[in-house]
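# Per-entry structural report
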Amino acid sequence: MSYKDFEKALETLNIMTRITHLDLKNQYQRLSKKYHPDMPEGSDEKFREINEAYKIILEYMKNYRFSLDEEEFHKQNPFSNRPDDWFKSFNC
């Protein structure tokens with residue numbers, strides 16, 4: 001897979017930012033139902049394009065190498081870096 005193929009797949013599924021596996025699956029299902037050949041807006045070509053895009057992004061997600069250090073953890077979980085009792089930090 002090339003980056004150009006990956007970029008086209010993102011565009012096909014209308015993905016602009018970070019996405020979870022579940023969000024990807026939901027987006028794929030929504031678009032595949034909309035463009036299924038048996039539906040009024042359906043198209044064989046568009047349906048095949050959506051399926052191929054899903055396969056490309058799914059393959060990327062399955063083979064992505066995660067950095068398991070603390071910095072990456074906090075990037076993926078932005079609220080993990082706050083104090084346990086973060087409400088007390090407000091001066092009301």
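It should be emphasised that the depicted structure is a prediction, and the values quoted were computed from it without experimental measurement.

### Structural notes on the packing of helix α2 (residues 21-34) against helix α3 (residues 44-63)
Contact pair α2 / α3: the axes reach a minimum separation of 10 Å and the direction vectors enclose 170°. As judged from the angle between their axes, α2 and α3 are roughly antiparallel. Where α2 approaches α3, its residues His21, Leu24, Lys25, Tyr28, Leu31 and Ser32 are matched on the opposing element by Phe47, Ile50, Asn51, Tyr54, Ile57, Leu58 and Met61. The class makeup of the residues in the contact of α2 with α3 is nine nonpolar, three polar and one charged.

### What to know about the confidence of the model for the protein chain
Averaged over every residue, the pLDDT of the protein chain is 86; residues scoring 70 or more account for 87%. Of all the helices and strands in the protein chain, helix α4 (residues 70-76) carries the lowest mean pLDDT, 82, while α2 carries the highest, 96.

### Considering the environment of Arg18
Secondary-structure assignment places Arg18 in the loop between α1 (3-12) and α2. Among residues more than four places away in sequence, those in contact with Arg18 are Lys75 and Gln76.

### Some thoughts on α3
Relative to the 28 Å expected for 20 residues at 1.5 Å per residue, α3 spans 29 Å between its end C-alpha atoms, a close match to the ideal helical length. Looking at α3, one finds that the buried residues are Ile50, Asn51, Ala53, Tyr54, Ile56, Ile57 and Leu58.

### Regarding the nonpolar core
Grouped together as the largest cluster of nonpolar side chains are 15 residues, with contacts concentrated most on Leu13, Ile15, Leu24, Ile50, Tyr54 and Ile57. Secondary structure elements with two or more residues in this core: α1, α2 and α3. Of the residues forming this core, the biggest block, six residues, is contributed by α3. Apart from residues no more than four positions distant in its own chain, Leu13 is found in contact with Leu24, Gln27, Leu31, Ile50, Ala53, Tyr54 and Ile57.

### Remarks on the environment of Ile50
Along the polypeptide, Ile50 turns up in helix α3. Residues Ile50 and His36, 14 residues apart in the sequence, show an inter-C-alpha distance of 9.8 Å. With residues near it in sequence (within four places) discarded, Ile50 still touches Thr12, Leu13, Tyr28, Leu31, Ser32 and Tyr35.

### Side note on the environment of Glu59
Relative to the elements of secondary structure, Glu59 occurs in helix α3. Overall, the relative accessible area of 41% leaves Glu59 in the partly exposed class. On a C-alpha basis, the gap between Glu59 and Met1 in space is 9.4 Å, while along the polypeptide they are 58 residues apart.

What counts and what doesn't
Residues numbered from 1 in each chain as written. Predicted model: local features only at pLDDT ≥ 70, side-chain atom pairs only at ≥ 80, totals over all residues. Heavy atoms only, no water. Axes fitted to C-alpha atoms, helices over the stretch in contact; angles between N-to-C directions. Helix = DSSP H or I, 4+ residues; strand = E, 2+ residues; numbered from the N terminus. Parallel < 35°, antiparallel > 145°, perpendicular 65-115°, else oblique. Contact = heavy atoms within 4.5 Å. Nonpolar A, V, L, I, M, F, W, Y, C, P; charged D, E, K, R; others polar. pLDDT = per-residue confidence, 0-100. Expected span 1.5 Å × (residues − 1). Buried < 20%, exposed > 50% of the residue type's maximum accessible area, 1.4 Å probe, protein only. Core = buried A, V, L, I, M, F, W, Y, C linked by side-chain atoms within 4.5 Å.

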